[in-house]
Amino acid sequence: MRSKTSGRQDKVSRQGKKESESGYAANLGRKIKDQLPDRGASKNQEAGKINPRQGGKMKQHGKGGSTVLEVAPEIRKHPLGNVTQRPGKKGRRLQEPQPESERESERESERESERESERESERESERESEVESALSTTGSESKTDADAQTPVSNAGCAGFESGSESDGASDGVSVTESDAVSGGVEQLESSGESEQLGSADESEDAVSEDGEKLGGEECGADSSAGCEFEYVDSAAEEDEAGMGEEALIASLPHEREALRLFVERCVSATRKGADARVRGSIPRAEWVRRLSASAAKYWGYNLALATYFVDLFGPEEALEFFEANERPRTLTLRTNTLKTRRRELAQVLIARGCNVDVLGEWSKHGLVVTDSTIPVGATPEYLAGHYMLQAASSFLPVIALQPKPDEYVLDMAAAPGGKTSFIAQLMRNSGVIVSNDASKTRGFALAANVHRLGITNTVVVNFDGRKLNEHLKRPFDRVLLDAPCSGSGVLSKDPEAKVRRTPDDFRKLAALQKELLCQAVDLTNAKSNAAVIVYSTCSCSVEENEQVIDYILKNRRVKLVDTGISFGTPGLTRYHDKRFDESLALTRRFYPHKNNMDGFYVAKLIKLDALPLERTKRDRSKKNQYVKDAL
């Protein structure tokens, strides 16, 4: 049994413990109370302190009366310093003060963003100043004649439509709101004359050459496109017309959008019946020259080549041609019917992840690849020779040739073998095909494709096409000449040709093509049931196409016949001051912007029987020495 003395000691110790605990709680409560704001203090004086009446609560827990502060679940500023209270459970500990390095990094990031915005504004101002300087430079180089200045009127531009996917120019762009656009238009149109620019309210009605007032009406029915130009009639048009090519290109806008809009304005000014406010007092020929220069700069052509195409197609169609050359051609393949059928090949390729579709009603062998997840040129079917990757335009010469089984056929420039293999499958591997190419290296590729496609009726040779008659003595039933050319129809595949090729190349290659075509006619058997010669190029130039055919019509007994191709543009019968044979309308031209294929030209000729030998007339006159001796 415990003694009474020990029981009293335990009781006293428990009471002392309770008193010490209550004393500790009271001291803690006083400390917290000292930190809390007075009830009468204003909110401005106690800003940043924790107030129980504003989300904090004082509660007493337990028998000992211990008091704790429950802070509302929201971030508040602590009165003891830079300490933040984060939302969470009751009694969560306060965060430590944010390190000075972190605060410094935040301030540095803010300063960096401010500097970036300042640099962006500086770049924008530099672009504006560049356009203004171009305007001032053009104005300072020419003489000022205020009396010859015609007031400017604001009018919508007729028929401006944005037709390029990647040019950045969009419909509804107001040129008067863009310094870059107006700068490019004005510096070409004014040639240094002091221009008097103003809004429609400030400017007077412009007067055309025939004295008719034009006012502020819209120029043309297509003015709803949203483009507005400030048109200027300059009295210095003779100086502008005499501006050199380099100076003209240098004066063009540098911004692509501005340059594109200027190209479209030049096209509008060259239309027949264009409004005087669009063309101004500048002649149409000068607008065509400006169009050629701006198109050359915009699409990356040399000026001579761009001028040639503008002259060949006309301003509006030339723009379509330039834009079509910027788009890649669709991938096409030709089924090798010696090994498979087109439907079976399509099913196999689709199963492999290559989506294909029929090329067109005009072709029974072609497929166009719409989408593919595999390399089309490395499938087992390709390696086995079931198909040949071939451009759609390369089908056309063989379709025009129409080879038959058991015939004797010559392909004068055959590499890499697409047309030769097509001829072989149409002949069902019968007869004989002589496949020639002047390049020995390309001849290896030709032979490889012949073996891969399973062709057994072809002989591959390597001779100069101009001297084939020295090696091949037997005349042929049909001859195909896909002549070496400038490649001006396949610029989408060879962008460097836009800078490398010039119209001089067209004339030089035409001389070679005439020699080859003469050789092709001479190697054709006129007594054959066919006696067909097909001439083709991947060029759009007149010198390599119509002029070559016109030459052969005058120098060999041949005639043109229908190619048998149901689409395409008829060949030209006149070009500038040249007049060709009317039968040249039977030839066919193919353009990328019209037929969605490479530019191509196809002509089909039939060789006529040789002329009968004329009997030589004897000279029986007395002036002949032999006659005198006989007498």
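Given the structure is predicted, the values throughout are model-derived calculations rather than measurements.

Caption draft 1: Summary view of the overall build of the chain. Scanning the chain for helices and strands turns up 20 helices and 19 strands. Out of the 631 residues belonging to the chain, those deemed buried represent 44%. Of the contacts formed within the chain by residues at least 6 apart in sequence, a portion of 71% connects residues at least 24 apart. Within the structure as shown, the chain displays about 34,800 Å² of accessible surface, and the carbon and sulfur contribution to it stands at 48%.

Caption draft 2: Broad picture of the side chain of Ser-363. Secondary-structure assignment places Ser-363 in the loop between strand 6 (354-358) and strand 7 (366-372). Note on Ser-363: relative accessible area 4%, which makes it buried. Setting aside its immediate chain neighbours within four residues, Ser-363 contacts Arg-342 and Phe-395.

Caption draft 3: Geometry of the UniProt feature "active site" (unreviewed entry) in the chain. Annotation from UniProt places "active site" (unreviewed entry) at Cys-538. Residues in contact with Cys-538, not counting those within four places in the same chain, are Cys-485, Gly-487, Ser-488, Gly-489, Val-490, Gly-599 and Phe-600.

Caption draft 4: A look at the nonpolar core. Core analysis: the largest hydrophobic core is formed by 68 residues, its most contacted members being Tyr-301, Phe-309, Phe-322, Leu-410, Leu-517, Ile-549 and Leu-605. When residues of this core are assigned to their parent elements, the largest contribution, eight residues, is made by helix 9 (residues 303-313). Residues lining this core come from more than one domain, with at least three contributed by each of domain 1 (254-326) and domain 3 (392-607). Look past the residues within four positions of Leu-605 in its chain and what remains in contact with it is Leu-517, Ala-531, Val-532, Ile-533, Ile-549, Ile-552, Leu-553, Val-558, Lys-559 and Leu-560. The next biggest cluster of nonpolar side chains, apart from the first, holds 32 residues, and it includes Val-368, Val-450, Phe-567 and Ile-606.

Caption draft 5: Here's a closer look at the packing of aromatic side chains. Evaluation of the coordinates by the stated rule reveals 18 aromatic pairs. On the numbers, 4.9 Å between centres and 50 degrees between planes, the contact of Tyr-301 with Phe-322 is tilted. Within this pair, whereas Tyr-301 is found in the loop between helix 8 (284-299) and helix 9, its partner Phe-322 is found in helix 10 (residues 315-324), the two being separated by 21 residues in sequence. Taken together, the ring pairs in this structure connect Tyr-298, Trp-299, Tyr-301, Tyr-308, Phe-309, Phe-313, Phe-321, Phe-322, Phe-506 and Tyr-591 into an aromatic cluster. The lysine or arginine in question, Arg-290, covers the ring of Trp-287, its NZ or CZ lying 5.1 Å from the ring centre.

Caption draft 6: Quick look at the pairing of strand 19 (residues 600-607). Across the eight residues of strand 19, eight count as buried, placing the element largely inside the fold. Going residue by residue along strand 19, you find Phe-600, Val-602, Lys-604 and Ile-606 tucked away on one face and Tyr-601, Ala-603, Leu-605 and Lys-607 tucked away on the opposite face as well. The pairing of strand 13 (residues 532-537) with strand 19 spans six bridges and is antiparallel. When the bridges of strand 19 are listed, Thr-537 appears paired with Tyr-601. Inspection of the sheet shows strand 14 (residues 558-561) paired to strand 19 by four bridges, in the antiparallel sense. Within strand 19, the residue paired with Lys-559 across the bridge is Ile-606. For strand 18 (residues 588-590) and strand 19, the ladder comprises three bridges, and the chain directions are antiparallel. Looking at strand 19, one finds that Phe-590 is bridged to Phe-600.

Basis of the calculations
- Residues numbered from 1 in each chain as written.
- Predicted model: local features only at pLDDT ≥ 70, side-chain atom pairs only at ≥ 80, totals over all residues.
- Heavy atoms only, no water.
- Helix = DSSP H or I, 4+ residues; strand = E, 2+ residues; numbered from the N terminus.
- Buried < 20%, exposed > 50% of the residue type's maximum accessible area, 1.4 Å probe, protein only.
- Contact = heavy atoms within 4.5 Å.
- Areas by Shrake-Rupley, 256 points an atom, 1.4 Å probe, with all protein chains shown as cover.
- UniProt positions renumbered as here; feature names shortened; annotations may be inferred.
- Core = buried A, V, L, I, M, F, W, Y, C linked by side-chain atoms within 4.5 Å.
- Domains from an automatic or database assignment.
- Phe/Tyr/Trp six-rings, centres within 6.5 Å; stacked < 30°, edge-to-face > 60°.
- Lys NZ or Arg CZ within 6 Å of the ring centre and 35° of its normal.
- Pairing = 2+ DSSP bridges.

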